Amino acid sequence: MSYLPSLPENATLLDVLRAYPDAARPLLDYHEAVLRGPSPLSIAQRELLAAYVSGLNACDYCHGIHEATAQSFGVEPGTLAALLSDIDSAPVEQSMKPVLRYATTLTEEPGRVRPDDARAVLDAGWEERTLHDAAAVVGLFNLMNRLVGGLGITLSPEYVPTSSRRLADGGYSGLKDLL
């Protein structure tokens, strides 16, 4: 139920973005840069991180939409549930596991991120840009999860295919056209 009286009770995040386009436009530009711009992390891996962080934060809205978006880029169904249960046994590339552990610490205990957490990502064969991009996705989705939760935006399962298809096909810059 949306906490914004001007929006319908079943408002989506797109409704919020439309209501506040001046704040939405730069936010969507940042989404596009972080999730679709050049990166050593694939689009699937960045969407996986977005869904994973959202799952850690119990943000069903972002978790559901970004899990479906990640699947449209090749992430297998069930991967997110496995990751949220146990990173070590989850069916992801070994090199992604330190990135996901880093994301966990940065999400759950940001003041406890240590050089060893970052070093584990680099020691897994990733370049420095990967650490930056992972931190950017994690930071962005911690923000988005709080925005969605703080405004009372909830997920309607019927909305997932529409939203995830829109993100897969048009990216985040495509959302600006809908404002």
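Remember, predicted model here, so these are calculated numbers, not experimental data. (Residues numbered from 1 in each chain as written. Predicted model: local features only at pLDDT ≥ 70, side-chain atom pairs only at ≥ 80, totals over all residues. Heavy atoms only, no water.)

Asks: Would you mind going over the environment of Ser 39 with me for this structure?
Replies: Looking at the secondary structure, you find Ser 39 in the loop between α2 (21-36) and α3 (43-56). Note on Ser 39: relative accessible area 23%, which makes it partly exposed. Apart from the residues within four sequence positions on either side, Ser 39 is in contact with Arg 46 and Asp 133. (Helix = DSSP H or I, 4+ residues; strand = E, 2+ residues; numbered from the N terminus. Buried < 20%, exposed > 50% of the residue type's maximum accessible area, 1.4 Å probe, protein only. Contact = heavy atoms within 4.5 Å.)

Asks: Help me understand α2 in this model?
Replies: Each α-helix turn comprises 3.6 residues. Residues three or four places apart therefore point the same way. Along its 16 residues, α2 runs 21 Å from first to last C-alpha, staying within 8% of the 22 Å computed at 1.5 Å per residue. The set of residues buried in α2 consists of Ala 24, Leu 27, Leu 28, His 31, Val 34, Leu 35 and Arg 36. Buried residues of α2, seen end-on, are gathered within an arc of 150° and therefore sit on one face of the element. Buried residues along α2 sit against α1 (13-19), α3, α4 (60-72), α8 (128-150), α9 (159-170) and α10 (173-176). (Expected span 1.5 Å × (residues − 1). Arc of directions from axis to C-beta.)

Asks: Sorry if this is basic, but what is going on with the pattern of salt bridges here?
Replies: If charged atoms from side chains of opposite charge come close, those side chains can pair. Enumeration according to the criterion identifies seven salt bridges in this entry. Between Arg 101 and Asp 88 there is a salt bridge whose closest N-O contact spans 2.3 Å. Pair noted here: Arg 101 is in helix α6 (residues 96-108) and Asp 88 is in the loop between α5 (79-85) and α6, with a separation of 13 residues, a long-range link. Close ionic contact of Arg 119 with Asp 123 constitutes a salt bridge, the shortest N to O distance being 3.7 Å. Of this pair, Arg 119 and Asp 123 both sit in helix α7 (residues 115-123), four residues apart, which is roughly one turn of that helix. On the accessibility criterion, Arg 119 (44% relative accessible area) is partly exposed. (Salt bridge = Lys/Arg side-chain N within 4 Å of Asp/Glu carboxyl O.)

By themselves these figures say nothing about function.
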